[in-house]
Every structure is written in structure tokens, then in C-alpha cells.
Amino acid sequence: PPVLKVSPLAARRFMRCALLLDTPVPDIATAIAHHGYIQIDPINVCGRMHDLILRNRVQGYREGGLMHHLHGVTTPLPAAARTAFEHHLPDTHVLVAFPLEAWPHLLAAMRGRTHTTGAWSGKLTPRERDLSTHILGELAARGPLSSEHITDDGRRARRVWGSATLAKSTLQKLFFHGRVLIAQRDNHRRLYHLPERVLTAATLARPEPSAADTARWSVLLKLRQRRLTLLKRAELALVTDRVQPVTLGRGPLLYCLSEDVPWFDLPVPSSLLPVAPLLLAPLDPLIYDRNVSRQLWEFDYTWEVYTPPQKRVRGYYALPILAGHELVGHVDPKADREAKKLRVISRSIRRGHRVAPAVRDLARFLSLR
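Below: a short report on this structure. (Residues numbered from 1 in each chain as written. Predicted model: local features only at pLDDT ≥ 70, side-chain atom pairs only at ≥ 80, totals over all residues. Heavy atoms only, no water.)

## Looking at the packing of aromatic side chains
For any pair of aromatic rings, geometry is given as the distance between the ring centres together with the angle between the planes. Under the counting rule described, the total for this entry stands at 12 aromatic pairs. Aromatic pair tyrosine 61 and phenylalanine 365: ring centres 6.2 Å apart, planes at 20°, arrangement stacked. Here phenylalanine 365 lies in helix α13 (residues 356–365) and tyrosine 61 lies in the loop between α3 (49–54) and α4 (65–71), a separation of 304 residues in the sequence. Side by side, tyrosine 61 and phenylalanine 365 carry an identical accessibility label, which is buried. Where phenylalanine 98 meets tryptophan 217, the ring centres are 6.1 Å apart and the plane angle is 40°; that geometry is what we call tilted. One end of the pair, phenylalanine 98, is in strand β4 (residues 95–99); the other, tryptophan 217, is in helix α10 (residues 211–226), with 119 residues separating them in the sequence. One exposure class covers both phenylalanine 98 and tryptophan 217, and it is buried. Grouping aromatic residues by their ring pairs yields a cluster made of Tyr37, Phe85, Phe98, Trp103 and Trp217. Sitting over the ring of phenylalanine 365, arginine 55 keeps its end group 5.6 Å from the ring centre. (Phe/Tyr/Trp six-rings, centres within 6.5 Å; stacked < 30°, edge-to-face > 60°. Helix = DSSP H or I, 4+ residues; strand = E, 2+ residues; numbered from the N terminus. Buried < 20%, exposed > 50% of the residue type's maximum accessible area, 1.4 Å probe, protein only. Lys NZ or Arg CZ within 6 Å of the ring centre and 35° of its normal.)

Structural data, given as C-alpha cells:
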């Protein structure tokens, strides 16, 4: 189709609408289906990444809601009751919550990892292969287990991230290979089970797509996740029939899904003028692509959790502030669970904007003062 020329304001309004920030959906399943996946991260400074992403997109969302949706609250959900599962994006170590229809598109990547070399996700070592037989038998007999439930005589595997027991490294690889799945979480600790005890037979029996179909699915997934994004030439060739090129009058072409184009024509709701500021997750889909963030929002943001302290600009877990159609600064909060307080370590806000209401809202979400 011909290139759609839009103003930066129209593109920003599009992003708010397309990424559910203006119209939160009624439940978690709808949010996962809309975005294609929700990224999961265990770090808990002021709430975990997935909770911070979903609290702005799901009506009445509560802390821990995604894990309860995936696995149940006190006992594991039966396979028939599950609508989503945890796994890694193909060819990456990024853990996400996928809808069930993603399963067949992960099979090739799972199989490929069994032939690669790597202490974290590659093929099993001889010692891990021996232990895997025991682990799979224990899961079949005892139900969901963590690495702490598996006896390996205290032997250590090669260093992965820090130090790992042989049981932990073996279970981690079996998960990457699709031979076990996360069935439950105990204070975010993984409990694994056999795939047939986590997903239904119908899901596991879905035929594996061709490599071309999975490559196309991956590009469409990127578009669903970010809604307005850059595409490489090879990516564009796979989805030409499904995308709309967009120009802001400067910078490279961006692309959105064809069915998303009507969002460009929506008027600005009166309720957004003025609008309450939102604290975004560090890896929120709105700012995940740094190149797009610079072009569209004039905001250069880096998640600094892995940046050495002396090189940090905003802070360890700084949350960007979205006010209306502008990104106006950041707040670096830290939850003091023992004192039941949310402390602001640092902040930088453009003159004329107030972030106190958004900080109070985050504190209430975390049940803190």
C-alpha cells in the first residue's frame, strides 16, 4: 500500500491506543492475545516487569496476577484450564507468557537447542543426560518439582549464571528443549512438570509449521508486540500483505499491521486532556525499541539494571513517565517491603508536570505507603 503520512502527535496517539494504554482490557487473557506475549522478568525492585506492564493494560489488575493466571494460586491449574504458558522467544533467552497457539511455532527452536553448545540452554552433557532420565521419572511419579527436590549428591555443574547444581542446569536445559514446562511458581521459584501435565493433548498435537510460516509468525509477533516498529528488509518480505508503511516526515519508514490503521484516525478523547501520568515498565512495549522511541517520542531510554552504577544515567530501575502524548522524565522507585514504604531514589521530571499521583498509584498497587 502507499505510505501513510502522519504527524508525530497522531503516531503517539496511535501508540497509546494500539498498546491498550487508553482502553485497558477486562482480563489478562485478552491482553496476552492482543500483544502476542507478555515479557516476564524475576527482578522485583518496585514490582516485577510483567506486573508493571499489565497493571496499565488490564482493568483491576493486581500484583502477581499474571502468575496466578498462568499457574493457579495455591495448586497448579489443570491443563484443560490453561490459556497460556511460559517459554522463551525463539532464538533468545527472553522468557514470556505465550497464548497456546504459539506452541507449534516454538518446536523448531526447542529442537535446535538440543544440538547447540551452551551451558545455559544447549545440549545435555553426559552427566546431565544421565540425570535427566531420573528427573523425568520423578516428575511422572511425584508431580511438579523444582531443582531443590532432585537429589544430585550436591555435585556442581559448569558455571552458568553464578553457580548451579547439576539438577538445576539439567532442568533448565530440559525446559529450553521443551521436555519439561513450568507448571507452578512458589514465590517465583519454578516448579516443572511434564508437558502433557501442563498443556492439553490437543495443544501438544498441533502440527509443526514450516520454517517459512514460523518466520512469518515471528515478524507478525513483533508487530503485535510493538504496534509501530522498524522492519528489516527480510522481515518485510515475509509480511508485505499484512503491513502498512508509515512515515513521520523524518527518519526511516515504520510499519504497523494493516488492521491497526483505523487507530490513526481516532480523535483525542477529552478525558486525555489533561491526562494523568503513567509510570511505564522499563521494558514496556511503548519504549522497548530504542530507535523508535528516539524517532517518535524524542526519548532515549536504556534499562540500566545491568549497567555499572558509575555509568547509570537514570537509575537502577527507572520508570519512564508518560503524560498525555509525551514522555516527560523518569522516577527511580524502590519498594521497602519491611517498612511497607515505596521510596523514590531519584527522579527527573520536565517542568510543569507532576508525578506524585502516579507514584502514589504505584504504591497502592504494591500495598505500600
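Next comes the rest of the description.
## Focus on the sheet that holds strand β8 (residues 254–257)
Taking strand neighbours across the sheet as the criterion, the three strands line up as β1-β7-β8 in an open arrangement whose pairing is mixed. For this open sheet the edge positions go to β1 (4–5) and β8, each flanked by a neighbour on one side alone. Two elements, strand β7 (residues 243–247) and β8, share four bridges in a ladder whose sense is antiparallel. From the neighbouring strand, valine 243 faces β8, where its bridge partner is leucine 257. Across the sheet, α10 is in contact with β7 and β8; its angle to β8 comes to roughly 95°. (Pairing = 2+ DSSP bridges. Contact = heavy atoms within 4.5 Å. Axes fitted to C-alpha atoms, helices over the stretch in contact; angles between N-to-C directions.)

## So, the pairing of β4
Within β4, five of the five residues are buried, which leaves the element mostly enclosed by the surrounding structure. Where strand β2 (residues 38–39) lies against β4, two bridges are found, and the strand directions are antiparallel. Across the sheet, residue glutamine 39 finds its bridge partner in β4, namely valine 96. In this structure, the hairpin formed by strand β3 (residues 84–88) and β4 is closed by a connection of six residues, where aspartate 91 is found at a positive phi of approximately 65°.

## Focus: helix α1 (residues 8–18)
When you tally the buried positions in α1, you get nine out of 11 residues, the bulk of the element. Looking only at α1, the buried set comprises Ala10, Ala11, Arg12, Arg13, Phe14, Met15, Arg16, Cys17 and Ala18.

## Quick word on the state of the cysteines
Within this structure, the stated rule accounts for zero disulfides. With no disulfide of its own, cysteine 256 lies closest to cysteine 17 among cysteine sulfurs, the gap being 13 Å. (Disulfide = S-S within 2.5 Å.)

## As for the sheet that holds strand β12 (residues 341–349)
Pairing is antiparallel in the open sheet, where four strands are placed in the order β9-β10-β11-β12. Edge strands, defined here as strands with exactly one partner in the open sheet, are β9 (278–279) and β12. Bridge analysis of strand β10 (residues 319–323) against strand β11 (residues 326–336) gives five bridges, and the strand direction is antiparallel. Its bridge partner being in β11, proline 320 is matched across the sheet by histidine 330. Running at roughly 150° to β12, α13 makes contact with β9, β10, β11 and β12 of the sheet.

## Observations regarding the packing of helix α2 (residues 28–35) against α10
In contact at an axis separation of 7 Å, α2 and α10 are set at 125° when each is read in the N-to-C sense. Between α2 and α10, the crossing angle belongs to the class labelled oblique. Between α2, through Ala33, His34 and His35, and α10, the contact on the second element is made entirely by Leu221, Arg224 and Gln225. (Parallel < 35°, antiparallel > 145°, perpendicular 65-115°, else oblique.)

## Points about the side chain of histidine 330
Following the sequence through the fold, histidine 330 ends up in strand β11. For histidine 330, a relative accessible area of 8% gives the class buried. Separated by 3.3 Å, the side chain of histidine 330 and the backbone oxygen of arginine 314 make a polar contact. Those residues in contact with histidine 330 that lie beyond four places of it in its chain are Arg314, Ala318, Leu319, Pro320, Ile321, Ser346, Arg347, Ser348 and Ile349. (Polar contact = N/O pair within 3.5 Å; in protein donor to acceptor, adjacent residues only side chain to side chain.)

## Observations regarding the nonpolar core
Core analysis: the largest hydrophobic core is formed by 101 residues, its most contacted members being Leu66, Phe98, Leu228, Leu279, Leu286, Tyr317 and Leu342. If near-sequence neighbours (up to four positions away) are discounted, tyrosine 317 is found in contact with Ile43, Val45, Cys46, Gly47, Arg48, Met49, Leu52, Pro282, Trp303, Val331, Asp332 and Pro333. Core analysis: the next-biggest nonpolar cluster, separate from the first, contains eight residues, Val219, Leu223, Leu231 and Val239 among them. (Core = buried A, V, L, I, M, F, W, Y, C linked by side-chain atoms within 4.5 Å.)

No statement about biological role is implied by the geometric values presented.
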